[in-house]
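The lines below spell out each chain.
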Amino acid sequence: MLDPGRLRLLNEFAEHGTMTAVAEVCGLTSSGVSQQLAVLEREAGVPLFERAGRRVRLTAEGHRLVRHARIVLDALGAAEEDLRSASTPRGPVRVACFATAAVARLLPAIAAARIRHPGLHVIVQELEPREAAEALRAGGCDVAIVFTYSLIPEEPRLGVTRRFAGVEPMLMALPADHPEASGSVDLRALREEPWIAGSQGTSDHEMLDRACALAGFRPNVIHTADDYALVLRMVREGLGAALVPELVATAVGVPAGVVLRPISTIEITRTTYALIRTATPAVNAVLDLLLE
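The following refers to the structure shown. Every value quoted in this text rests on a predicted model; they were computed, and no experiment measured them.

## Some details on the overall build of the chain
When its secondary structure is counted, the chain shows ten helices and eleven strands. In terms of overall dimensions, the chain is more spread out than a globule: its C-alpha atoms have a radius of gyration of 24 Å, far above the 19 Å expected for 292 residues. Based on the C-alpha atoms only, the size of the chain along its principal axes is roughly 75 × 50 × 30 Å. Looking at the chain residue by residue over its 292 residues, the buried ones come to 42%. Partitioning the contacts of the chain with sequence separation of at least 6, the portion at a separation of at least 24 is 72%. Within the structure as shown, the chain displays about 15,000 Å² of accessible surface, and the carbon and sulfur contribution to it stands at 52%. Of note, the chain has its 30 positive side-chain charges centred 5 Å away from the centre of its 35 negative side-chain charges.

Written out as structure tokens, the structure reads:
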């Protein structure tokens, strides 16, 4: 039988890359870590490490065992959490969530949890979807709230359960006195406009590029911002047009002088999901409150 404690050290080595770093994380000595991993290698019966200059790295078999180790450690963690929680939701649940969903969905869920499940303690981490999904994979959170755009579909990751949490249209944010602000907006009428987009490399930026490409032009992105409250105030000051999700109106409010209008050219939606790796009574309670 492979020892779970040594599997945890192997996983930490895969994450941090050196015996010294693993020792610091785990509160051991470097020689102690090395000895434990040498025992694991003997237990495994295959080479897990190889020399690369003055350093040590994982072999192909080592990487394979790391993948199995993560499954084993997740299962052990779930078993421990399940025994602690029993059938009553209690204890900490770490939720990684993007800002608009945190305001509109997560905070009301936390308020309800205080009444229904007083033993439950929800810990909030504001992270963008890709960061939240990575935190879930690495064990840094228990629930990840993420979104995808209809123009950029994503498949769920292996080993992750995805729960639908809502869908909303993307809307055009324009100054109230803009010529196109009186009704639904044809993107083609805005081909000469300056645009405000999410940071380069984000799905928000890619979504705008794809939407405008379908309308037959490339947007002239002058400004970038990831905070929707800032984006709407930039729109109010006439710095450009922007695409924003409907939830923004609830989460941050629409300032005077700005209007949100439907898009007639193409339907663009943003779908929100809750991702989990392990379902425990506490995690399920949080999901139920989030999805109400």
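## Some remarks on the pattern of salt bridges
Working definition: two side chains of opposite charge can pair if their charged atoms are close together. Under the counting rule described, the total for this entry stands at eleven salt bridges. For arginine 137, the salt bridge identified is with glutamate 15, shortest N-O distance 3.8 Å. Of this pair, arginine 137 sits in helix 6 (residues 129-137) while glutamate 15 sits in helix 1 (residues 4-16), and the two are 122 residues apart along the sequence. Residue classification places arginine 137 among the partly exposed positions, given a relative accessible area of 30%. Assessed through its relative accessible area of 37%, glutamate 15 is described here as partly exposed. For arginine 236, the salt bridge is made with glutamate 237, and the minimal N-O distance between the two is 3.6 Å. When its relative accessible area of 38% is taken as the criterion, arginine 236 is described as partly exposed. A network of salt bridges, in which partner residues are shared, links Glu15, Arg70, Glu134 and Arg137.

## A closer look at empty space enclosed by the protein
Within this structure, the stated rule accounts for three cavities of 30 Å³ or more. Quantified by volume, the largest cavity comes out at close to 120 Å³. Lining the largest cavity are 14 residues, and of these Ile196, Ala197, Gly198, Tyr228 and Leu243 sit closest to its centre. Elements that contribute at least two residues to the lining of the largest cavity include exactly strand 7 (194-197), helix 7 (203-214), helix 8 (228-236) and strand 9 (242-245). Per-class residue counts for the lining of the largest cavity are eleven nonpolar, one polar and two charged. What lines the second largest cavity is simply Cys97, Ala101, Arg105, Leu106, Ile145, Ala165, Thr272, Ala274, Leu290 and Leu291. Listed by contribution, the elements that provide at least two residues to the lining of the second largest cavity are helix 5 (99-116), strand 11 (269-276) and helix 10 (281-291). Sort the elements by how many residues they give to the lining of the second largest cavity and helix 5 lands first, with three residues. Within the lining of the second largest cavity, the residues separate by chemical class into eight nonpolar, one polar and one charged.

## Here's the deal with helix 5
For an α-helix, the turn length of 3.6 residues means that residues three or four places apart are oriented alike. Its 18 residues place the ends of helix 5 24 Å apart at the C-alpha level, agreeing with the 26 Å of an ideal helix rising 1.5 Å per residue. A bend of about 35 degrees at leucine 106 is the largest found in helix 5, and the proline proline 108 appears one to four places after it.

## Observations regarding the state of the cysteines
Taken as a whole and assessed by the stated rule, the structure comprises zero disulfides. Not part of a disulfide, cysteine 97 finds its nearest cysteine sulfur in cysteine 141, a span of 10 Å.

## Let's talk about helix 8
Along helix 8, the positions that sit buried rather than exposed are Tyr228, Val231, Leu232, Met234 and Val235. All buried residues of helix 8 lie within an arc of 160 degrees about the axis, which places them on one face of the element. Downstream of helix 8 by a residue or two, glycine 238 has a phi angle that is positive, lying close to 80 degrees.

## Here's the deal with the nonpolar core
If you look at the biggest cluster of nonpolar residues, it comprises 62 residues, and the most contacted ones within it are Val95, Val143, Ile145, Met172, Trp195, Leu243 and Val244. Ignoring sequence-local partners within four residues, the contact set of leucine 243 consists of Met170, Leu171, Met172, Trp195, Met207, Leu208, Ala211, Tyr228, Ile263 and Ile268. Listed in part, the 16 residues of the second largest apolar core include Leu10, Phe13, Val33 and Leu58.

Rules used in this analysis
Residues numbered from 1 in each chain as written. Predicted model: local features only at pLDDT ≥ 70, side-chain atom pairs only at ≥ 80, totals over all residues. Heavy atoms only, no water. Helix = DSSP H or I, 4+ residues; strand = E, 2+ residues; numbered from the N terminus. Rg over C-alpha atoms; globule rule 2.2 N^0.38 Å. Buried < 20%, exposed > 50% of the residue type's maximum accessible area, 1.4 Å probe, protein only. Contact = heavy atoms within 4.5 Å. Areas by Shrake-Rupley, 256 points an atom, 1.4 Å probe, with all protein chains shown as cover. Lys, Arg positive; Asp, Glu negative; His and termini not counted. Charge placed at Lys NZ, Arg CZ, Asp CG, Glu CD. Salt bridge = Lys/Arg side-chain N within 4 Å of Asp/Glu carboxyl O. 1 Å grid on protein atoms, 1.4 Å probe; cavity = no way out; pocket = protein on both sides within 12 Å on 5 of 7 lines; lining within 4 Å. Points joined across faces, edges and corners; volume = space filled by probe spheres on them. Nonpolar A, V, L, I, M, F, W, Y, C, P; charged D, E, K, R; others polar. Expected span 1.5 Å × (residues − 1). Bend = angle between axes of the 7 residues up to and from the residue. Disulfide = S-S within 2.5 Å. Arc of directions from axis to C-beta. Core = buried A, V, L, I, M, F, W, Y, C linked by side-chain atoms within 4.5 Å.

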